[in-house]
Amino acid sequence: MDFLSLLKFILFLVVGFALLVKGADWFVEGAAGVAVKLGIPEIIVGLTIVAMGTSAPEAAVSITSAFKGSADITIGNVVGSNIINVAIILGLTAVITTVAVLKTTIFIDIPFTLVVTLVLLVLGLDGQVSRVDGIILWVLFIGYLAYLFIWTKKNKDNGEAEESDEIEAGKKLPIWKLLCLIVIGVVLIVFGSNVAVDGAKGIAKICGMSDRLIGLTIVALGTSLPELVTSVTAARRGNADLAVGNIVGSNIFNILFVVGTSALIIPVTFQTAFIIDTIIAAVVMVLLFLCVVRKKELNRLGGFVLLISYLAYFIYLLVK
């Protein structure tokens, strides 16, 4: 094994992830600020620019991987991120503090995440997520955005909705600074995704790992870092009530927006091995539902159950 080359590719991966996270943050802040200054309602900005910004790392890496002929990283990144989001991020958050869960999250968002996960599975059974499949995912995505708009507007009218930090920050900056943030953010996202994918492919080649395995683990964890940091920090500050809803929403965006967009640009290969991984992503959602449905909260026991489920899945990946 060439250790110098391995260290180089690990550095590529770390730098790529750092650029992705910061680029997405600046892009969202700039785009949200410009949109609000142009008179676009904050509710629309929050449901589109801000929400999709959290999936920007997954989208950038997935699309870049597809163009570079590493479709296994594309699907592995999304499916792996969805498993990690629930099993590790929510698991760790619940171990730190009990997380309250909204009724709509339990009975609408979690079941819908399960449905779209199974839709992805069905679409991929023929070995490819085609452009037609991408259109199907985007139709579902637009439908979900419409539901979010109606729900958020209703709750905003009731005084329950909160303004996002990105929109609040964007209001304070002049338009030229916001435009600079957008441009720099896009550059960092594009460059960071290329560097991260090159690093991931290099590590896989040197270590004899498949693109699928590295996509499901290292790349998936890297692109989930924003959700991990946000959720754990909120839990430590005693403000984790929205953690489950945010993570579930991120999972929906990953499948419908990220895979849908990737497939529209270039059809994505869906190898047979991903069938099991996608089923496991669905099982994890069922586990989450069972953990929260009775008491409308995710407690420490539920957190440990989710963490143990990921440990079992990780062992399966290693021994398979």
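Along every chain, residues carry numbers that run from 1 in the direction the sequence is written. Restriction of local features to residues with pLDDT of at least 70 applies here, the model being predicted, together with a cutoff of 80 or more for giving and counting side-chain atom pairs; totals for whole chains, interfaces and linings are based on all residues. Hydrogens and waters are ignored; side-chain quantities use all the structure's heavy atoms.

Rule in force here: UniProt positions are given in the numbering used here, feature names are shortened, and annotations may be inferred rather than shown by experiment.
In the annotation of an unreviewed UniProt entry, the entry for the chain reads Cation:H+ antiporter, and the organism field reads Lachnospira pectinoschiza. Among the UniProt annotations of the chain, the heading Subcellular location (unreviewed entry) holds the following wording: "Membrane".

### Considering the UniProt feature "transmembrane region" (unreviewed entry) in the chain
The following threshold applies: Under the DSSP-based scheme used, a helix requires at least four consecutive residues in state H or I and a strand at least two consecutive residues in state E, with every element numbered from the N terminus.
UniProt feature "transmembrane region" (unreviewed entry): in the numbering of this structure it lies at residues 83-101, 106-123, 135-152, 173-193, 247-266, 272-293 and 300-319. Split by type, residues 135-152 is 100% helix and 0% strand. Its first and last C-alpha atoms lie 25 Å apart. For residues 247-266, the helix share is 95%, the strand share is 0%, and the end-to-end C-alpha distance is 27 Å.

### Here we look at the side chain of Ser224
As a reminder of what qualifies: Each polar contact in these results corresponds to two N or O atoms within 3.5 Å; when the atoms are within protein, one needs to be able to donate a hydrogen and the other to accept it, and residues that are neighboring in sequence are counted only if both atoms are side-chain atoms. Two residues form a contact once any of their heavy atoms are found within 4.5 Å.
Within the element layout of this structure, Ser224 appears in the loop between α9 (211-223) and α10 (225-236). Separated by 3.2 Å, the side chains of Ser224 and Asn85 make a polar contact. If near-sequence neighbours (up to four positions away) are discounted, Ser224 is found in contact with Glu58, Ser81, Ile84, Asn85 and Ile89.

### Examining helix α3 (residues 56-67)
Along an α-helix, residues three or four positions apart point the same way, because every turn accommodates 3.6 residues. Worth spelling out the cut-off: In this analysis, the expected span of each helix is defined as 1.5 Å times one less than the number of residues it contains. Throughout this description, buried means an accessible area under 20% of the type-specific maximum (1.4 Å probe, protein chains only), exposed means over 50%, and partly exposed covers the range between.
Over its twelve residues, α3 extends 16 Å from the first C-alpha to the last, a length consistent with the 16 Å expected when each residue adds 1.5 Å. Inspection of α3 places Ala56, Pro57, Glu58, Ala59, Ala60, Val61, Ser62, Ile63, Thr64, Ser65 and Ala66 among the buried residues, and these make up the whole buried set. With its phi angle positive at about 75°, Gly69 sits one or two positions after the end of α3.

### As for the side chain of Thr93
On the secondary structure map, Thr93 appears in helix α4 (residues 71-96). For Thr93, a relative accessible area of 0% translates into the label buried. For Thr93, the side chain forms a polar contact with the main-chain oxygen of Ile89, separated by 2.7 Å.

### Points about the environment of Pro111
Within the secondary structure, Pro111 sits in helix α5 (residues 103-124). On the basis of relative accessible area, Pro111 is assigned to the partly exposed category, the value being 28%. Put simply, Pro111 and Phe289 are 178 residues apart on the chain and 8.1 Å apart in space, counted from C-alpha to C-alpha. The residues touching Pro111, leaving out its near neighbours within four places in the chain, are Thr105 and Ile106.

### What to know about the packing of α3 against α4
We apply this condition: Here the axes come from fitting lines to C-alpha atoms, over the contacting stretch only for helices, and the angles between their N-to-C directions go from 0 to 180 degrees. Relative orientations are named as follows: roughly parallel for angles under 35 degrees, roughly antiparallel for angles over 145 degrees, roughly perpendicular for angles from 65 to 115 degrees, and oblique for any other angle. In this scheme the crossing of two helices becomes right-handed for a clockwise turn of the near helix relative to the far one and left-handed for an anticlockwise turn of less than a right angle. Put simply, Ala, Val, Leu, Ile, Met, Phe, Trp, Tyr, Cys and Pro go in the nonpolar bin, Asp, Glu, Lys and Arg in the charged bin, and everything else, Gly too, in the polar bin.
Between α3 and α4, whose axes approach to 6 Å, the crossing angle comes to 155°. As summarised for this structure, α3 and α4 are arranged roughly antiparallel, according to the angle between their axes. In this structure, the crossing between α3 and α4 has a hand that is left-handed. Contacts between α3 and α4 involve Glu58, Val61, Ser62, Ser65 and Ala66 from the first element and Ala71, Ile73, Thr74, Asn77, Val78 and Ser81 from the second. Residues that form the contact of α3 with α4 fall into these classes: five nonpolar, five polar and one charged.

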